[in-house]
Amino acid sequence: MTEKVRCLIIGSGPAGYTAAIYASRANLSPVLYEGMQPGGQLTTTNDVENFPGYPNGITGPEMMVEFKAQAERFGADIRFGYATATDLSAAPYKVTIDGEKIIEADTIIISTGATAKYLGLPDETKYSGSGVSACATCDGFFYRKRKVAVVGGGDTACEEATYLAGLADKVFLIVRKPFLRASKIMQERVLSNPKIEVLFEHETLGLTGDKVVQGANLVKRRGQSDEEQVHIEIDGFFLAIGHKPNSDIFKPWIDTDEVGYIKTIPGTPRTNVEGVFAAGDVADPHYRQAITAAGSGCQAAIEVERYLSEKGI
Ligand code: NDP
């Protein structure tokens, strides 16, 4: 089963849907495959208050429904399906959907996003959207004058802890090692902030609370002779232990950095394969915001339009 398309968009967060809006308005008849989590990471966020145009905020799932409706209004063909393999050795490029259907595409926009890493505790699922978050910029505002914890010892964790300290009354930074891995300047910001208490050599065992997070059970120096159980009272629990960009199926052809983020020519969504573009979090280790993802989706669609017209396809 093979189908030929001019513009294939893989992934359905703000980057993919924005690319679909622009590509369909440019008459490119884009086909978009939504992937495992239609709507992407925003569907796990409650309220989005920092996307311009929504002065009263909107929930992440609602926002993604609107993005999708806007793309469909201009004729984008949005389908449920998951890209399982690629062959980008020569155009038209081949993408396998759900292990069976082959799409041949003149151009591809990769907008498969990134997945925040979680500790793997059952309580993270239990309290999802009720005190557990992996994005301080998205959800920090709801914890003004409250107590929160951030897990991780890298730059993201330090950045998120510092950001949250500007809102919350108290921030615990839970670090499994006896030191921070973050850059010196980020460490200094954290260590000199009176609102942040760094809990070195602590690991999280579970969360407590009636319907919403009210505390965390930790263990200090696990497995050592002086191992100690610690309980902290918190209203929010933020994971900042890294993201995994969803780029595995492209790696045989597309250049990525050591973490797996797709490398693009700076200031553009162009990858090392002509006609293949990357937009949103899969290519963005720095900003990871809905608005920046949407902006890069727009850029990618404009690039596709120019590429196809240059090639006369
Ligand atoms: P990192 O991989 O750098 O750090 C992850 C942190 O999470 C580490 O402290 C790690 O601990 C900890 N961790 C991982 N798994 C677990 C676990 N299961 N339990 C407890 N802790 C865990 O990821 P970041 O997202 O912080 O950074 C990614 C990249 O982005 C880095 O290159 C960073 O420099 C960059 N970045 C730069 C920023 C800036 O310049 N402003 C801002 C944010 C990120 P351990 O140390 O023990 O492995």
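## So, the overall build of the chain
When its secondary structure is counted, the chain shows 7 helices and 19 strands. Taken over the C-alpha trace, the chain has a radius of gyration of 21 Å; the compact-globule value for 313 residues is 20 Å, and the two agree within 12%. Restricting to contacts in the chain with at least 6 residues of sequence separation, those with at least 24 account for 58%. Element-wise, carbon and sulfur atoms account for 49% of the exposed surface of the chain, whose accessible area totals about 15,000 Å². For the chain, the distance from the average position of its 32 positive side-chain charges to the average position of its 40 negative side-chain charges is 2 Å.

## A closer look at the environment of His-202
By the secondary structure assignment, His-202 is in strand β14 (residues 202–208). The exposure class of His-202 is buried, given its relative accessible area of 7%. If we ignore the near neighbours within four places in the chain, the residues touching His-202 are Ile-174, Val-175, Arg-176, Leu-218, Val-219, Lys-220 and Val-230. Among the polar contacts listed, one links the side chain of His-202 to the backbone oxygen of Phe-200, at a separation of 2.7 Å.

## A closer look at the site of the ligand
The immediate surroundings of the ligand are formed by Leu-119, Gly-152, Gly-153, Gly-154, Asp-155, Thr-156, Glu-159, Arg-176, Lys-177, Arg-181, Ile-241 and Gly-242. Asp-155 is positioned such that a nitrogen or oxygen atom in its side chain is 2.6 Å from an oxygen atom of the ligand. For the ligand, whose unbound accessible area comes to 910 Å², protein coverage reaches 69%. Considering only residue class, the shell around the ligand consists of 2 nonpolar, 5 polar and 5 charged.

## Observations regarding the packing of helix α1 (residues 14–25) against helix α2 (residues 60–73)
Interaxial distance between α1 and α2 falls to 8 Å at its minimum, and their mutual angle equals 20°. Classified by the interaxial angle, the pair formed by α1 and α2 is roughly parallel. For the pair α1 and α2, the crossing hand works out as left-handed. Each of Pro-14, Tyr-17, Thr-18, Ala-20, Ile-21 and Ser-24 in α1 lies in contact with α2, whose residues at this interface are Met-64, Phe-67, Lys-68, Gln-70 and Ala-71. Looking at the contact of α1 with α2 residue by residue, the class counts come to 7 nonpolar, 3 polar and 1 charged.

## Describing the sheet that holds strand β15 (residues 215–220)
Strands sit in the order β14-β15-β16 across an open sheet of 3 strands; the sheet is antiparallel. If you trace the sheet from one side to the other, it starts and ends with β14 and β16 (228–233), each paired once. Here the average twist between neighbouring strands, direction ignored, is 25°.

## Section: the pattern of salt bridges
This model, assessed by the stated rule, comprises 14 salt bridges. Of the charged contacts in the structure, one is a salt bridge between Asp-106 and Lys-4, with a shortest N-O distance of 3.2 Å. A residue pair is termed long-range when its members are at least 10 positions apart, and Asp-106 in strand β8 (residues 101–110) and Lys-4 in strand β1 (residues 2–10) qualify at 102 residues. Across the salt bridge formed by Arg-146 and Asp-235, the nearest N and O atoms sit 3.7 Å from each other. With Arg-146 in the loop between α4 (136–139) and β11 (147–151) and Asp-235 in the loop between β16 and β17 (236–239), this residue pair connects regions lying 89 residues apart in the sequence.

## What to know about the packing of aromatic side chains
A full pass over the atoms with the stated rule returns 4 aromatic pairs. Here the aromatic rings of Phe-51 and Tyr-54 are separated by 6.2 Å at their centres, their planes lie at 65°, and the arrangement is edge-to-face. A single burial state applies to Phe-51 and to Tyr-54, both of which are buried. Between the aromatic rings of Tyr-143 and Phe-238, the centroid separation amounts to 5.5 Å while the plane-to-plane angle is 80°, which identifies the pairing as edge-to-face. Taken as a pair, Tyr-143 in the loop between α4 and β11 and Phe-238 in strand β17 lie far apart in primary sequence, 95 residues in all. The buried category is assigned to Phe-238, whose relative accessible area is 0%.

## Looking at the domain arrangement of the chain
Once the domains are mapped, the chain shows domain 1 (2–115 + 243–311) and domain 2 (118–239). Counting residues at the interface gives 7 residues for domain 1 and 7 residues for domain 2. Connecting domain 1 to domain 2 are 0 salt bridges. Our count for the domain 1 to domain 2 interface comes out at 1 residue pair in polar contact (both at pLDDT 80 or more). Counted by class, the side of domain 1 that touches domain 2 contains no nonpolar, 4 polar and 3 charged residues.

Calculation rules
Residues numbered from 1 in each chain as written. Predicted model: local features only at pLDDT ≥ 70, side-chain atom pairs only at ≥ 80, totals over all residues. Heavy atoms only, no water. Helix = DSSP H or I, 4+ residues; strand = E, 2+ residues; numbered from the N terminus. Rg over C-alpha atoms; globule rule 2.2 N^0.38 Å. Contact = heavy atoms within 4.5 Å. Areas by Shrake-Rupley, 256 points an atom, 1.4 Å probe, with all protein chains shown as cover. Lys, Arg positive; Asp, Glu negative; His and termini not counted. Charge placed at Lys NZ, Arg CZ, Asp CG, Glu CD. Buried < 20%, exposed > 50% of the residue type's maximum accessible area, 1.4 Å probe, protein only. Polar contact = N/O pair within 3.5 Å; in protein donor to acceptor, adjacent residues only side chain to side chain. Near = heavy atom within 4 Å. Nonpolar A, V, L, I, M, F, W, Y, C, P; charged D, E, K, R; others polar. Axes fitted to C-alpha atoms, helices over the stretch in contact; angles between N-to-C directions. Parallel < 35°, antiparallel > 145°, perpendicular 65-115°, else oblique. Left-handed = near helix turned anticlockwise from the far one by under 90°. Pairing = 2+ DSSP bridges. Salt bridge = Lys/Arg side-chain N within 4 Å of Asp/Glu carboxyl O. Phe/Tyr/Trp six-rings, centres within 6.5 Å; stacked < 30°, edge-to-face > 60°. Domains from an automatic or database assignment.

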